[in-house]
Amino acid sequence: MSKKAETEREWQTRLLEAVLPHVLFDGWSRKAMKAAAADLGEDISTLDLAFPEGATDMIRLFIENADDAMEAELEKQGVLSLKIRERITLAIRVRLELYQAHKEAVRRAVNILALPQNAALALKLTANTVSRMWWATGDASTDYNWYTKRLTLSAVYGATLLYWLADKSAGHAKTWEFLDRRIENVMQIETAKFNCRNRLKEKPDFSHLPSPKRFWRNLTER
């Protein structure tokens, strides 16, 4: 494909892919951008134009591209044929496996997004990722569950991501065990919420309790 036929997103992605190998040694830095420009035979101004905010612009695109790849992979694996617990587990696992080739880049991205000045961006990117997980797994809720589901999944995904970054077990086996435990915790909470809602719908039976009226009558008749 010629450069003229590229969309802006494709152009930025091509430049980002040239930066990624250098992130391992130089982080999400201007030094990595300069090295990528040299590899491509481009002037650094080209990368400055593509990523005017530098590291945060590159990280944003890196994450959004992974979100795109996740949705495509989940559809390919027939995620909608699974039970809801299996869908969410698969979504998180696929999302992390897509990062496998760039684990150090992910680690450095997490460190940058953890900076106070990047808190809003970190929140937005995480919210977008978990929303796309729910959409890809067939969620169509529009009530308050839309918010609670995303808050819950954000916590599970965030915790699993941090565990995965530190995990050195073969095939990240310990991470998938950790993920299963977190999903189990969530399912227990959801079951408890479901049971609670059902109880609240039932008309309470107070026949076994002392009658306030009888108590008051006995009190006033004394």
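The shown structure was predicted, so the numbers you read here are calculated from the model rather than taken from an experiment.

Rules used in this analysis
Residues numbered from 1 in each chain as written. Predicted model: local features only at pLDDT ≥ 70, side-chain atom pairs only at ≥ 80, totals over all residues. Heavy atoms only, no water. Helix = DSSP H or I, 4+ residues; strand = E, 2+ residues; numbered from the N terminus. Buried < 20%, exposed > 50% of the residue type's maximum accessible area, 1.4 Å probe, protein only. Areas by Shrake-Rupley, 256 points an atom, 1.4 Å probe, with all protein chains shown as cover. 1 Å grid on protein atoms, 1.4 Å probe; cavity = no way out; pocket = protein on both sides within 12 Å on 5 of 7 lines; lining within 4 Å. Points joined across faces, edges and corners; volume = space filled by probe spheres on them. Nonpolar A, V, L, I, M, F, W, Y, C, P; charged D, E, K, R; others polar. Salt bridge = Lys/Arg side-chain N within 4 Å of Asp/Glu carboxyl O. Expected span 1.5 Å × (residues − 1). Contact = heavy atoms within 4.5 Å.

Caption draft 1: A look at the overall build of the chain. Counting its secondary structure elements, the chain contains 10 helices and 0 strands. Secondary structure elements of the chain occur, N-terminal to C-terminal, as α-α-α-α-α-α-α-α-α-α. For the chain, the residues scored as buried account for 37% of the 222 residues in total. Of the accessible surface of the chain, which amounts to about 13800 Å², a share of 58% is contributed by carbon and sulfur atoms.

Caption draft 2: Region of interest: the layout of surface pockets. Put simply, the largest pocket is a space of about 360 Å³. Along the wall of the largest pocket there are 16 residues; nearest its centre are Val 110, Leu 113, Ala 122, Thr 126 and Leu 161. Counting only elements with at least two residues in the lining of the largest pocket, the list comes to α6 (103-113), α7 (119-136) and α8 (145-166). Of all the elements, α7 adds the most residues to the lining of the largest pocket, at 5 residues. Taken together, the residues of the lining of the largest pocket sort by class into 12 nonpolar, 3 polar and 1 charged.

Caption draft 3: How the structure looks around the pattern of salt bridges. Tallied over the full model, the rule gives 13 salt bridges. Residue Asp 68 is joined to Arg 132 by a salt bridge in which the shortest nitrogen-to-oxygen separation is 2.5 Å. With Asp 68 in helix α4 (residues 55-76) and Arg 132 in helix α7, this pair connects stretches of sequence that are 64 residues apart. In this structure, the salt-bridge partner of Asp 139 is Lys 149, at a minimum N-O distance of 2.7 Å. Here Lys 149 lies in helix α8 and Asp 139 lies in the loop between α7 and α8, a separation of 10 residues in the sequence. Its relative accessible area of 13% is what places Asp 139 among the buried residues. When salt bridges with common partners are traced through the structure, they connect Arg 9, Asp 68, Glu 71 and Arg 132 into a single cluster.

Caption draft 4: The arrangement of α7 in detail. For α7, built from 18 residues, the straight-helix expectation of 26 Å at 1.5 Å per residue is met to within 8% by its first-to-last C-alpha distance of 26 Å. Looking only at α7, the buried set comprises Leu 121, Ala 122, Leu 125, Thr 129, Val 130, Ser 131, Arg 132, Met 133, Trp 134 and Ala 136. Close packing links the buried residues of α7 with α4, α5 (84-97), α6 and α8. Downstream of α7 by one or two residues, Gly 138 has phi in the positive range, about 95 degrees.

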